[in-house]
Protein chains: 2
Amino acid sequence: MIVRHLKEAQATDRRVVDPKGNWESTRLLLKDDGMGFSFHMTTIYAGKSFRMHYVNHLESVYCVRGKGNIKTLDDNVVYEIAPGTVYALDKHDEHILTAETELELACVFNPPVTGREVHNADGAYELEE
Amino acid sequence: MIVRHLKEAQATDRRVVDPKGNWESTRLLLKDDGMGFSFHMTTIYAGKSFRMHYVNHLESVYCVRGKGNIKTLDDNVVYEIAPGTVYALDKHDEHILTAETELELACVFNPPVTGREVHNADGAYELEE
C-alpha cells in the first residue's frame, strides 16, 4: 500500500507551481505508482482565469473548496463550480477555468501523468515520448 | 463535458448505502462515463471499523475530512488518516478501515465501478460478468 500526505508532498518535487502564476498542483499519485491514473490536489489562485485543453488526457475535477466556473469553448456554456461539483473532460473539452475565490480541486488524470509534463502553449500536457 | 453535483447525485441511485450500516457512497463518475476510472465520494460513519479486500480493483482514497486509520492485514501496520492523507491499494491490499470520526473520502477505482456492484462476503466488489 502507498500512503502519502499532502503537506509532506508539498515540500517535495511533487508540488509543481505554474510559471504563469495561475495554479499549483501536488501530484499525490503518479504513473510510477501503477494505479492506471494519477491523482493531484490542485489549487487555483483567487481571481485567476485561464484556458486549458488536455488533448492527450481525460481529466475529472472535484471541487473540495472555493467558488468559480468553467466555460466550454465549443458551446460557450458556463457551469458554476462550488464544493461538491465534479466535472469530467470526457471529450478533451477545451475550456476556461475561473477561480472567483481560491479553488481546492481533486484531479484525476487518465492516462496517468508522469510528473514531468508541463502545460504547452495549447494548454495541454504533452505525452511522454 | 460531464458536470454533476454531490448533493443532487445523493438524491439519485448514485447514492449507495451499505446494508451493514458502515458507509455510504455516491458515485459521481461511473464506467458508463468513459473516463477509464470511477470517482466516488464516500462517507464512513463515525465509530465504524470493517474489513475490505478489493481483489478486482485498484483503489485510491483521499481524506477530505475526519480522522481514522487503516490497517493492512498482511503486515498489521496501522496508518493514521487525516485530511490530506491519500492511500492507494496498489497491491489489492486487504485492510481494516476505522473511522474515529466521520470520514469524507474521495475514492478512485480502476477499473471503473459500474454502479451495480455490492461488497461480497470477502469485502470485495465483484466484477461484472
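Residue indices follow the written sequence of each chain, beginning from 1 at its first position. To label them, take the chains in the order written and letter them from A, then take the ligands in the order written and number them from 1. The predicted origin of the model limits local features to residues at a pLDDT of at least 70 and limits the giving and counting of side-chain atom pairs to 80 or more, whereas totals for whole chains, interfaces and linings rest on all residues. Side-chain figures throughout are based on the complete set of non-hydrogen atoms in the structure, without hydrogens or water.

Q: Hey, could you run me through the overall build of chain A in this one?
A: Helix numbering and strand numbering both begin at the N terminus, where a helix is a DSSP run of H or I of at least 4 residues and a strand a DSSP run of E of at least 2. Of the regular secondary structure elements, chain A holds 1 helix and 11 strands. Tracing chain A from N to C terminus, the helices and strands come up as β-α-β-β-β-β-β-β-β-β-β-β. Compactness check: chain A gives a C-alpha radius of gyration of 14 Å against a globular reference of 14 Å for 129 residues, within 12% of the reference. Its C-alpha atoms put chain A at 40 × 30 × 25 Å along the principal axes. Long-range pairs, those at least 24 residues apart, make up 61% of the contacts in chain A between residues at least 6 apart in sequence. Positive charge is attributed to Lys and Arg, negative charge to Asp and Glu, and no charge count is given to His or to the chain ends. Positions of charges follow a simple convention, taking NZ of Lys, CZ of Arg, CG of Asp or CD of Glu. Positive and negative side-chain charges of chain A, numbering 14 and 21 respectively, have mean locations separated by a distance of 4 Å. Radius of gyration: over C-alpha atoms. The globule rule applied is 2.2 Å multiplied by the number of residues raised to the 0.38 power. Contacts are assigned to residue pairs with any non-hydrogen atoms lying within 4.5 Å of each other.

Q: What is the right way to read the sheet that holds strand 10 (residues 95-99) of chain B from this model?
A: Across a sheet, strands are paired by hydrogen bonds formed along the backbone, either parallel or antiparallel in direction. Residue and element names in this part refer to chain B. Across the sheet, 4 strands lie side by side as 5-10-7-8; this open sheet has antiparallel pairing. One side of each edge strand has no neighbouring strand; the edge strands of this open sheet are strand 5 (49-52) and strand 8 (77-81). On average, each strand axis in the sheet is inclined to that of its neighbour by 20°, with strand direction left out of account. By the convention used here, strands pair only if DSSP detects at least 2 bridges between them. Direction of pairing for strand 5 relative to strand 10: antiparallel, over a ladder of 4 bridges. Note that in strand 10 the partner of Ser-49 across the bridge is Thr-98. Note on definitions: angles span 0 to 180 degrees between N-to-C directions of axes, and those axes are lines fitted to C-alpha atoms, for helices only across the stretch in contact.

Q: Mind showing me how you'd approach the interface of chain B and chain A here?
A: Many authors give the size of an interface as the accessible area that is lost as the parts come together. Between chain B and chain A, the contact holds 36 residues from the first and 36 residues from the second. Buried surface area refers to the total accessible area, computed with a probe of radius 1.4 Å, that the two partners give up upon joining, counted for both partners together. The junction of chain B with chain A conceals about 2900 Å² of combined surface from both sides, 72% of it contributed by carbon and sulfur atoms. The salt bridge definition used is simple: a Lys or Arg side-chain nitrogen within 4 Å of an Asp or Glu carboxyl oxygen. Between the two partners, chain B and chain A, sit 0 salt bridges. The definition of a polar contact used here is a pair of N or O atoms within 3.5 Å, where within protein one atom must be able to donate a hydrogen and the other to accept one, and adjacent residues in sequence count solely through side-chain atom pairs. Where chain B packs against chain A, one counts 14 residue pairs in polar contact (both at pLDDT 80 or more). Only strand 1 (2-5), strand 3 (23-29), strand 4 (38-44), strand 6 (58-65), strand 7 (68-72), strand 8, strand 9 (85-88) and strand 11 (103-110) of chain B provide two or more residues apiece to the side of chain B that touches chain A. In terms of residue class, the side of chain B that touches chain A is built from 20 nonpolar, 8 polar and 8 charged. Both strand 1 (residues 2-5) of chain A and strand 9 of chain B contribute to a ladder of 4 bridges, which runs antiparallel. Directly across from His-5 of chain A, in strand 9 of chain B, lies its bridge partner Thr-85 of chain B. Polarity classes work like this: nonpolar for Ala, Val, Leu, Ile, Met, Phe, Trp, Tyr, Cys and Pro, charged for Asp, Glu, Lys and Arg, and polar for all others, with Gly in that last group.

Q: It is not clear to me how the pairing of strand 10 of chain B should be interpreted in this structure. Could you clarify?
A: All names here are of chain B. In this scheme, a residue with accessible area under 20% of its type's maximum is buried, one over 50% is exposed, and one in between is partly exposed, where area comes from a 1.4 Å probe on protein chains only. Where burial is concerned, most of strand 10 is hidden: 4 out of the 5 residues are buried. Note that strand 7 and strand 10 share 5 bridges and pair antiparallel. Bridging across to strand 10, Asn-69 finds its partner in Thr-98.

Q: Help me understand the environment of Tyr-87 of chain A, please; the structure alone is not making it clear to me.
A: All names here are of chain A. For Tyr-87, the location among the structural elements is in strand 9 (residues 85-89). Among the residues examined, Tyr-87 registers a relative accessible area of 3% and is labelled buried. Remark: the alpha-carbon pair of Tyr-87 and Tyr-62, spanning 25 residues in sequence, is separated by 6.7 Å.

Q: Help me understand the pattern of salt bridges, please; the structure alone is not making it clear to me.
A: Taken as a whole, this structure holds 16 salt bridges over all chains when the rule is applied. Of the charged contacts in the structure, one is a salt bridge between Arg-65 of chain B and Glu-102 of chain B, with a shortest N-O distance of 3.3 Å. Taken together, the positions of Arg-65 of chain B in strand 6 and Glu-102 of chain B in the loop between strand 10 and strand 11 put the pair 37 residues apart, joining distant regions of the chain. The structure contains a network of salt bridges with shared partners spanning Arg-65, Glu-102 and Glu-104 of chain A.

Q: What's the story with the environment of Asn-69 of chain A in this structure? I'm lost.
A: All names here are of chain A. Looking at the secondary structure, you find Asn-69 in strand 7 (residues 68-72). For Asn-69, a relative accessible area of 14% translates into the label buried. A sequence separation of 16 residues divides Asn-69 from Thr-85, and the C-alpha atoms of the two residues are 10 Å apart. In contact with Asn-69, not counting residues within four places along its chain, are Val-78, Tyr-79, Glu-80, Ile-81, Ile-96, Leu-97, Thr-98 and Glu-100. Side chain to side chain, Asn-69 and Glu-100 meet in a polar contact 3.1 Å long.

Q: It is not clear to me how the confidence of the model for chain A should be interpreted in this structure. Could you clarify?
A: Parts of the prediction with low pLDDT should not have their coordinates interpreted in detail. Known as pLDDT, the predictor's per-residue confidence is scaled from 0 to 100. Looking at chain A as a whole, the pLDDT averages 93, with 91% of positions reaching at least 70. With pTM at 0.93, the complex prediction returns an ipTM value of 0.93.

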